[in-house]
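# What the coordinates show
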Amino acid sequence: MTDAARPAALEMRGITKRYPGVVANDHIDLDVRPGEIHALLGENGAGKSTLMNILYGLAEPDEGEIWLGDEPIEIHGPSDAIARGINMVHQHFMLVPVLTVAENILLGDEPMANPIFLDRGAAHAQIRDLGARFGFEVDPEAKVGSLSVGWQQRVEILKALYRSASILVLDEPTAVLTPQETREIFSVLRQLSREMGTSVIFISHKLNEVLDIADRITVIRRGRVVGTRTPSETNEEDLAELMVGRDVQLTVDRGESNPGDVMLDVTDVRVADDRGREVVHAVSFQVRSGEIFGIAGVAGNGQDELVEAITGLRKTTSGRVTLASRDITAASPRQLHGLGVGFVPADRQRFGLVLSFPLADNIVLNDYHAEPYARGFVRETVAIDARAEACVVEFDIRTPSIEVTAGTLSGGNQQKVVVAREFGRDLRLLVLDQPTRGLDVGSVEFIHSETIERRTDGAAVLLVSAELDEVLELSDRIGVMYRGEIVAVVDARQADKEEIGLLMATGGRVSPDATKSMTTETEQTS
Amino acid sequence: MSAAAAPADPAPAPPPPQQSFIGRAIALAAVPFIAVVGALVVGAVIIIASSLARGAFDLTLPLQAYANLLEGAFGSLRGIIFSIVSATPLILGGMAVGLGFKAGLFNIGAQGQFLMGALGSAAVGAWAAGESGIVAVPAAILAGAALGAAWGFIPGALKAWTGAHEVVTTIMLNFIAGALIGYLITGPLEAPGFSFSRTGPLGNAELPTFFGTGIHLGVLIAFGLVPAVWWVVWRSTLGFEIRTVGANPDAARYAGMRPAMLTILTLTLCGMLAGLAGAGQILGVSHFMNASYGTSIGFDSISIALLGRAHPVGITLAALLFGAMRAGSGLMQIEAGIPVEIIDVIQATILLFLAADLVIRRLLRLRAVRAQPEELQTVTKTYGGGASS
Amino acid sequence: MEFVYSIPIIGVLFQFIGYVVEVTPGIAPIVVGLAAPIALGALCGIMNERSGIVNIGIEGMMLSAAFAGFLAAGLFQQAFGGEGWGPFGITPALVVGVIAAMLVAMVLSALHAWLSITVAADQIISGVIINVAALGLTGYLNRLLISPNPRLGAGTFGSFRLPPEVVDFPVVGWVIEMFVEQGPIAMSVVLFVVVLQILLFRSRWGLRTRAVGEHPRAADTVGINVIGLRYRNVILGGIFAGLAGAYLTLEATGSFQNNMTAGRGFIALAAVIFGRWTPVGAFGAALLFAYSGAFGQAVRIRPPGDEYPDLGAIMAAIPSQVYGALPYIVTIVILAGVVGRSIAPAAVGKPYQKEGKTA
């Protein structure tokens, strides 16, 4: 129950923040009432994170004021924010993997036995109590790096709760959670707001979640507030239209697939990670021409290593991978490229592009050594430039020229460069890993429709994504990956989102309550 | 893997407006130019301060010193030739370091590679002294190039196969090269009949000179290699691969390149260039090598590569500058009494100004044209270890 | 024993072990002395790298400190004189020298910190600059100020002398002698190693330092002053580099030679990596490197005699320069064998920029 009569707990008035070439926040007003769960909705790049970074002291506004209760305040850094009872759970975990859970949570506010040395006993006791209050069984000594992603998120939240907060900000907290874990987090948030009067600001781009949890929703588009609603007076279509500014197709027309012969056959493949631990345990599946096979799974269950093994960036420890009956288990990326395999990697800035090279060089990154882009040792710049120009037109890449470095392009356009390179030729197999992560709605639509088109043209498509909605929308068949194994394969038309979410979280073997205990999860990891 | 979501990309920064060629040339050259001028000023201050140590505060001493420097370097035809000949090994050495930078590697081992090249050419040259020039000269040059290449291959292979960072391994190899030279020249390679340990006379292996001056074949080779190296780096597929590995080794693997192979190949080529520098010095200038042969060319090469922004043309200009300074420093020490080590100090100050690049740019409101070679970030990123395959 | 030694092939290995066991107590005191500058350099490296800063300028800092210490002590002695006091023969000049060495190293560390943190220049370049500048300046000033004054010098610290009963104590006697019969700086190394190890892993400073070196943004978001912490640690690390330099000119020898650090600063970096960025590990690595250097000396002074026939022949055939280069060779071998499995602090080498505050 919110109290509309009392003064706002927090008010941000006229916040403006400019970066070179863009206005991230344009005179934004936001008011949050005590004990309210207030959602900030907007697509990627709209300015929500910037606004909250200003609130938390990680950035300073060019104009505007922040009022807490009934007095204006100045925040120059996280310590100011924390001192005023503002705590933040960040989109990218602010956890140090080599330190323990206790060390991470208490960092910055450590219990001391004396002026120099830490009081470990007190630290551990405090952490356990904290976890118990919210229904988590926490192991203070566990190294954060060994925890599953879901548990790391919980540690991140505990970190914010440890310092009693009057305002708690969460930036995309459910991005890496299964539906079950999301529900747990939501009940924690409700507990906080109802019982402890904490105001919660919840940043998201997921319409259904926002309608579920929020008391009020403020929509931000291109740096400006375009509307504030309560859930009862709006729905997904309305919010989507506010977010994007036009009619949005929430689902793409997948059409019917006509699968042909088996193109990709993965048999009993085992893969080890960088530390030598096996993270893919005898995985088998097939993808046919003209079908999209989507692998759903929480990040960190071996998908990256599996994809790297299939695309030649990592060795398999055993097993076989064939492409139309041709053994490609040990094939190099270059060989696969020659065989008609396209690959859009998850981390585009690290694997997909060379940010300091011009766009043209990035377009031919896989083909630079072959005709017509090179004759033997010599590079043919004319041919390279021609191809780049053609791609810019065909894929609608927004850029002033083909000479600009890839680093100056927006995320969406960078991904378009990768897509132009990989999609723009005859493909037999297309492997996509988190293809729309961090992109604006327009780019997401574009990539989804291009993918469907390739499938219709007869390519076999392997899609790996942590966004369950994306997998459900695009795939013809869905496999669920859990702890390095494919635990189920279902036909998309008969797929039940709840069921898949449960499989993602538990693999179908462990009871859902077991996820309440950290030790059960870590044991299974080792 | 923890945080799965990539950062929400902010809207793009607008690309820098297209600059005229002159504009870009000025922006690129501005900081090195200011660095040199600033360093000369700092050098002047040090000279004035040290005049105090000799009793009298002499404000004109720097002017006299720099005048001597200029005179020694350019005041006569002999001086100019001496400057060019001094610059020659620096051009090759600078490219030996600069090529490494382009691949994201820090080749501090140019010193050891130079020494090994000198050793190889001195040894083979002495051995082939009696043969006709057509045989002896190329043999000696090749020996120098090969040994230098080998000395580059070792740290390259270590980096590629074990992840050992080249910053430490190359410096160790520098010392080992010194020890090896000491052993060989007082042992198996010692030429009889001299009052101190040295390699034998070169005879027909000496490099031919031109116009009766000191300009030897090595000078032509060095200047000839400049456009060759430029072409390989910027216009060939190999150069594209080297630059990609330097800018982003992960993307290079994804593109089908093999970073391990490229690391080894690049350092081997760097070693070859430095080895050629050594060969040129022995075969063209000093004509023999003694057991305690010492030189600063290896370290000068690092400064030159940085000053020249790892580009062959910039390196050539920087090498000429340093060559001139070294050539003139002798006269400066004799006439003005300033120890030649002041050149080292000036060199270090140039580097200091280069590093403070960003600050200077902000002061002058220069457009950020690649403030610092991005490849250098790869050098530092691979410091913690891990094989680059 | 002779029987064991005469086994073909393996016998040589046993001879080697036997020789090592025989020779080690004799060279043990030298080992700690040789290890001291490397270990101190490594402590400086740990202070830097644990905070996330790469510092390859330790060599230059050591050299500058060695020079400054020598010069300050020598000038002070010339001006004011002074008598040695206590078991270490401490004179005011020597104290002044040590302080000067530490100050110079701290100033250079501050420069490195400024270039690396505020200017965000490439950290390896910054280190190179310091090395080149140190080499040039010390060479220049050496020629200018010291060469004309050959009598300049304040001597060295004396070594602590143990009573013979302790030294002759069976088994452990030579170990104690090794660590205790040293000058003050070398003796303090063990103390620093232990203290730093404890602080790094049990104190609040250590926890925050490690967090900053692994994930500075995470530390920033809980209110830790990343920039301030990095500056402080880098500058304090200079103290160790300063002591290393002071050791060279005020404890080991009583003079300054150009480039006398001879690569110790880089061996120190290898020791840090080998010791997995822990003080105790780095100290162990330093002892190993120092041992290889001392072993080389031992071979020259007391080559394997008749008890080790095959070994003696093999060792005589190896040129003496190899023994001199042994520390460098060992460094490469260790680096190649170990580094692949050694993980540096995750954020090392990356300048930290506060979100939204960059131009």
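Since this is a predicted model, take the numbers as computed values, not measurements. (Residues numbered from 1 in each chain as written. Chains lettered and ligands numbered in written order. Predicted model: local features only at pLDDT ≥ 70, side-chain atom pairs only at ≥ 80, totals over all residues.)

## Some details on the overall build of chain B
If you tally the helices and strands in chain B, you get 15 helices and zero strands. Out of the 389 residues belonging to chain B, those deemed buried represent 59%. Across chain B, the fraction of contacts at a sequence separation of at least 24, relative to all contacts at a separation of at least 6, is 78%. (Helix = DSSP H or I, 4+ residues; strand = E, 2+ residues; numbered from the N terminus. Buried ≥ 20, exposed ≤ 12 C-beta atoms within 10 Å, placed from the backbone. Contact = placed C-beta atoms within 7 Å.)

## What about the overall build of chain C?
Regarding its fold elements, chain C presents 16 helices and zero strands. The globule rule puts the C-alpha radius of gyration for 359 residues at 21 Å, and the 22 Å found for chain C is close to it. Along the longest, intermediate and shortest principal axes, the C-alpha atoms of chain C span 75 × 55 × 40 Å. Pairs at least 24 residues apart make up 79% of the contacts formed inside chain C by residues separated by at least 6 positions. (Rg over C-alpha atoms; globule rule 2.2 N^0.38 Å.)

## A closer look at the pairing of strand β9 (residues 216-221) of chain A
Residue and element names in this part refer to chain A. Note: strand β3 (residues 37-41) against β9, four bridges, orientation parallel. Within β9, the position partnered with A39 by the bridge is I217. A loop of two residues connects β9 with strand β10 (residues 224-229), the two strands running antiparallel in sequence, and R222 in this loop sits at a positive phi of about 45 degrees. (Pairing = 2+ DSSP bridges.)

## What about the nonpolar core?
Nonpolar side chains tend to gather and get buried jointly when the protein is soluble and globular. Counting 400 residues, the largest nonpolar core has L273 of chain B together with A39, L40, A271 and A286 of chain C as the members making the most contacts within it. By residue number, the principal contributor to this core is helix α4 (residues 92-118) of chain C, which donates 15 residues. Beyond its immediate stretch of four places on either side in the chain, A286 of chain C contacts A35, I38, A39, A42 and A271 of chain C. (Core = buried A, V, L, I, M, F, W, Y, C linked by C-beta atoms within 7 Å.)

## Quick look at the interface of chain B and chain C
A common way to state how big an interface is: give the accessible area lost once the parts meet. Counting residues at the interface gives 46 residues for chain B, matched by 45 residues for chain C. Counting only elements with at least two residues in the side of chain B that touches chain C, the list comes to α1 (21-53), α5 (133-162), α6 (166-186), α11 (297-307), α13 (342-355), α14 (357-364) and α15 (375-381) of chain B. Considering only residue class, the side of chain B that touches chain C consists of 29 nonpolar, 13 polar and four charged. (Nonpolar A, V, L, I, M, F, W, Y, C, P; charged D, E, K, R; others polar.)

## As for the environment of A118 of chain B
Residue and element names in this part refer to chain B. As for its position among the elements, A118 is in helix α4 (residues 110-127). It is 7.7 Å that separates the C-alpha atoms of A118 and G280, two residues lying 162 residues apart in sequence. With sequence-adjacent residues up to four places away left out, A118 is seen in contact with G144, G278, A279, Q281, I282, M289 and Y293.

## A look at the sheet that holds β10 of chain A
Residues and elements named next belong to chain A. The six strands are arranged β6-β7-β8-β3-β9-β10 in an open sheet whose pairing can be described as mixed. Because the sheet does not close on itself, it has two edges, and the strands there are β6 (86-89) and β10. Averaged over all pairs of adjacent strands, the angle between strand axes in this sheet comes to 20 degrees, irrespective of strand direction. In the packing of helix α5 (residues 149-162) onto the sheet, contacts are made with β6 and β7 (167-171), and the angle to β6 comes to roughly 175 degrees. (Axes fitted to C-alpha atoms, helices over the stretch in contact; angles between N-to-C directions.)

## What to know about the sheet that holds strand β5 (residues 71-73) of chain A
All names here are of chain A. One open sheet holds the four strands; their spatial order is β2-β1-β4-β5, and the pairing between them is antiparallel. Either end of the sheet is taken by a strand with one partner, and the two such strands are β2 (22-32) and β5. Geometrically, the sheet is characterised by an average inter-axis angle of 30 degrees between neighbouring strands, direction not taken into account. The sheet contact formed by strand β1 (residues 10-19) and β2 spans seven bridges and is antiparallel. Bridge assignment links L10 to a residue of β2, and that residue is V32. In the packing of helix α1 (residues 48-56) onto the sheet, contacts are made with β1, β2 and β4 (63-68), and the angle to β1 comes to roughly 115 degrees.

## Structural notes on the confidence of the model for chain B
Residues and elements named next belong to chain B. Taken residue by residue, chain B gives an average pLDDT of 81. The fraction at 70 or more is 85%. When the elements of chain B are averaged for pLDDT, α14 gives the smallest value, 62, and helix α10 (residues 259-286) the largest, 94. Here residues 1-16 is a poorly scored stretch, pLDDT under 50, and it has 53 contacts once near neighbours within four places are set aside; other chains count. Contacts for the low-pLDDT stretch residues 385-389, under 50 throughout, to residues beyond four places or in other chains number 25 contacts. (pLDDT = per-residue confidence, 0-100.)

## Side note on the confidence of the model for chain C
Per-chain confidence: chain C averages 86 in pLDDT, with 97% of residues scoring 70 or above. The least confident element of chain C is helix α1 (residues 2-5) of chain C, whose mean pLDDT is 72; the most confident is helix α11 (residues 226-252) of chain C, at 95.

## Looking at the pairing of strand β22 (residues 485-491) of chain A
Two faces belong to every sheet, and in a regular strand the side chains alternate between them. Residue and element names in this part refer to chain A. Inspection of the sheet shows strand β21 (residues 477-482) paired to β22 by six bridges, in the antiparallel sense. In the sheet register, Y482 faces β22, and the bridge partner there is E485. Linkage of β21 to β22, two consecutive antiparallel strands, is achieved through a turn of two residues, within which R483 is found at a positive phi near 45 degrees.

## A short note on the environment of N68 of chain B
Residues and elements named next belong to chain B. Position of N68 relative to the elements: it lies in helix α2 (residues 61-74). Expressed as a C-alpha distance, the spacing of N68 and S329, which sit 261 residues apart in the sequence, is 7.7 Å. If we ignore the near neighbours within four places in the chain, the residues touching N68 are G328, L331, M332, E335 and A336.

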